[in-house]
Amino acid sequence: MASTSSAFHKAGDDLRIAGYDPLVPPNILQMDHPLSEQSEDVIASGRKQASEILRRKDDRLIVVVGPCSIHDADAAVEYCKQLKALADELKDDLCIVMR
């Protein structure tokens, strides 16, 4: 059998990909960037609220909103600040969660 020349590409080749940056495993990220106590409290509170809504102990609606991905950290922080203000305003009827 003749070997395939580099001039020919297989169907699965990434012809327009210049390279790859490997993702850091979550456990490494958690070790490098531990949560503050305030962040842990916010996460625990949000999970408790969501659980109570899903178990119908809280009659609010859960609304999950946010960008599909974040490419601009400053824009994400600004979005989060605006969303937090709205979430506080509507907290009696909605549990707004940023994805």
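Just so we're clear, the structure is a prediction, and the values are computed from it rather than from any experiment.

## Side note on the overall build of the protein
Then step 1. Helices and strands together make up the secondary structure of the protein, namely 3 helices and 2 strands.
Then step 2. The buried share of the protein, reckoned over its 99 residues, is 9%.
Then step 3. Here the contacts in the protein between residues at least 6 apart in sequence split such that 55% fall between residues at least 24 apart.
Then step 4. A total accessible area of about 9,100 Å² is found for the protein, and carbon and sulfur atoms account for 56% of it.

## A look at the pattern of salt bridges
Then step 1. All chains considered together, the criterion is met by 3 salt bridges.
Then step 2. Taking the shortest distance from any N to any O, the salt bridge between Lys-84 and Asp-88 comes out at 2.6 Å. Residue Lys-84 and its partner Asp-88 are both found in helix α3 (residues 73–89); the two are separated by 4 residues, about one turn of the helix.
Then step 3. You can call Asp-88 partly exposed: its relative accessible area is 38%.

Calculation notes
- Residues numbered from 1 in each chain as written.
- Predicted model: local features only at pLDDT ≥ 70, side-chain atom pairs only at ≥ 80, totals over all residues.
- Heavy atoms only, no water.
- Helix = DSSP H or I, 4+ residues; strand = E, 2+ residues; numbered from the N terminus.
- Buried < 20%, exposed > 50% of the residue type's maximum accessible area, 1.4 Å probe, protein only.
- Contact = heavy atoms within 4.5 Å.
- Areas by Shrake-Rupley, 256 points an atom, 1.4 Å probe, with all protein chains shown as cover.
- Salt bridge = Lys/Arg side-chain N within 4 Å of Asp/Glu carboxyl O.

In short, geometric facts, not functional conclusions.
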